[in-house]
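Per-entry structural report
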Amino acid sequence: MSGYGGVARGRLAAERKSRRQNRPYGFVAKPETGPDGSVNLMRWKCFIPGKAGTDWEGGHYPLTLVFSEDYPNIPPSCKFPCGFLHPNVSDYSGRVCLSIIDNDWTPAITVKQILVGIQNLLDDPNPNSPKNGGFSNIFVKDRDEYKRKVRLQAKQYPLSV
């Protein structure tokens, strides 16, 4: 383990503790637990609720965060399931394209800020930075079809927590 590993795990443990005390409504973010009950602080399973009043409402979208030993100097990898429909999510890998985890990353950004940023991105995509060309084209050219597909996707990820 590099010298950063202790920093990464310490920071993640502190963020986990903070989330337990101050968790935004509907969000879930917790480290994976192994079959033996061990906690893996470097890989988190998350769920992001769709905002009320949007086409994303009603969905509870699964997201995986994978942290490197260099966190918080390096942002986590943020991925939805493969095939997730969003202009800024790669359809083949599920990787999220968001400025705070790509170009504007700073070590001060927290897991909570990442999740809220991704929730905001869901209903406010950036068509100038598409990762899913086909779905981005639908967003730009046929907004009614885009909204229909988003609402169908919300039904695929119902609130189950």
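In this text, all values refer to a predicted model and were calculated from it rather than measured experimentally.

Here the focus is the overall build of the protein. Counting its regular elements, the protein contains four helices and four strands. Sequence-ordered secondary structure for the protein, helices as α and strands as β, is α-β-β-β-β-α-α-α. The C-alpha atoms of the protein give a radius of gyration of 16 Å, which matches the 15 Å a tight globule of 161 residues would have. Once the C-alpha set of the protein is aligned to its principal axes, its extents read approximately 50 × 30 × 25 Å. Put simply, the protein has 161 residues, and 41% of those count as buried. Intrachain contacts of the protein at a sequence separation of at least 6 include 57% that bridge at least 24 residues. Working note: accessible area of the protein is about 8,600 Å², and carbon and sulfur atoms make up 51% of it.

For Leu 159, the location among the structural elements is in the segment after helix 4 (143-156). Since its relative accessible area comes to 56%, Leu 159 is described here as exposed. A sequence separation of 112 residues divides Leu 159 from Phe 47, and the C-alpha atoms of the two residues are 9.0 Å apart. When sequence neighbours within four positions are dropped, the list of residues in contact with Leu 159 reads Gly 58 and His 60.

Turning next to the packing of aromatic side chains. According to the stated counting rule, one finds 11 aromatic pairs in the structure shown. Relative to Phe 84, the ring of Trp 56 lies with its centre 6.1 Å away and its plane at 25°, an arrangement referred to as stacked. Highlighted residues: Trp 56 in the loop between strand 2 (39-49) and strand 3 (60-66) and Phe 84 in the loop between strand 4 (77-79) and helix 2 (111-123), separated in sequence by 28 residues. One exposure class covers both Trp 56 and Phe 84, and it is buried.

What counts and how
- Residues numbered from 1 in each chain as written.
- Predicted model: local features only at pLDDT ≥ 70, side-chain atom pairs only at ≥ 80, totals over all residues.
- Heavy atoms only, no water.
- Helix = DSSP H or I, 4+ residues; strand = E, 2+ residues; numbered from the N terminus.
- Rg over C-alpha atoms; globule rule 2.2 N^0.38 Å.
- Buried < 20%, exposed > 50% of the residue type's maximum accessible area, 1.4 Å probe, protein only.
- Contact = heavy atoms within 4.5 Å.
- Areas by Shrake-Rupley, 256 points an atom, 1.4 Å probe, with all protein chains shown as cover.
- Phe/Tyr/Trp six-rings, centres within 6.5 Å; stacked < 30°, edge-to-face > 60°.

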